[in-house]
Amino acid sequence: MNHNPFEEWLFEDQLTLEERTQLNVHLKECASCRALSAAGLETSRLLSNSAPVSPAAGFTDRWASLATDKEAAEQKKQVRLLFILLASFALLSITSLFLSSYFSDHSIMAVLSNVIFNALHLIERTIIIIQSYRFVLTVLPFRIPYLMWVVVMANAAFWMAFWSLSIWKFSSLKRVFA
Ligand SMILES: [Zn+2]
């Protein structure tokens, strides 16, 4: 079947009555041109419906809030990890203090007060560290890569261990010279 000139006429706005009649006759007979006509109508319908090509209002806001939600969740996860690390070190130092008291002739009350004092110090230090980390996170204009976090955590863990150990050493020295 010859589709000329009907294929062009499908997308022609100004057809004579004669041409329009001929086109309608052809469309009744020709499935190919009917499909083309339907596709053309659908395309123009879509184009007129989606007139504003720019994103819908509030899109960038929604995207930004989504991004910050994700970042906040990530930060929470990291702070929790840091807290777990520090808590385990606190537990370790408390356990070591209890063990050292077990093998010494110190009264349990003296050791207990020492442990509470050290634990409070550790908690205070932990809160300060978490607060400063949060502050750094809110001030930084870019996201800290995960590897960087691991390095920072490892450093913090090392210094906390060093600190706990020095407290333990110091308290055992005091015991020796008491
Ligand atoms: Zn045709």
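Note: the structure precedes this text.
Description of the structure in this document. (Residues numbered from 1 in each chain as written. Predicted model: local features only at pLDDT ≥ 70, side-chain atom pairs only at ≥ 80, totals over all residues.)

## Re the overall build of the protein
Of the regular secondary structure elements, the protein holds 6 helices and 0 strands. Counting helices and strands in the order they occur from the N terminus, the protein gives α-α-α-α-α-α. The buried share among the 178 residues of the protein stands at 4%. When contacts within the protein are restricted to residue pairs at least 6 apart in sequence, long-range pairs at least 24 apart make up 72% of them. (Helix = DSSP H or I, 4+ residues; strand = E, 2+ residues; numbered from the N terminus. Buried ≥ 20, exposed ≤ 12 C-beta atoms within 10 Å, placed from the backbone. Contact = placed C-beta atoms within 7 Å.)

## Thoughts on helix H2 (residues 17-29)
The terminal C-alpha atoms of H2, which comprises 13 residues, lie 19 Å apart, in line with the 18 Å expected from a rise of 1.5 Å per residue. Taken across its 13 residues, H2 has 0 buried, putting it largely on the surface. (Expected span 1.5 Å × (residues − 1).)

## What to know about the environment of Ile130
Within the secondary structure, Ile130 is located in helix H5 (residues 108-139). By C-beta crowding, Ile130 is classed as partly exposed, having 15 other C-beta atoms within 10 Å. With residues up to four places along the chain from it excluded, the contact list for Ile130 reads Val79, Leu82 and Phe83.

## So, unusual backbone geometry
That bond from Asn4 to Pro5 is cis: its omega, 0°, falls within 30 degrees of zero. Among the structural elements, Pro5 can be located in the segment before helix H1 (6-10).

## Here we look at the environment of Gln131
Turning to its location among the elements, Gln131 is positioned in helix H5. Gln131 sits 52 residues away from Val79 along the chain, and the two C-alpha atoms are 9.5 Å apart.

Functional significance is not addressed by these values, which are geometric in nature.
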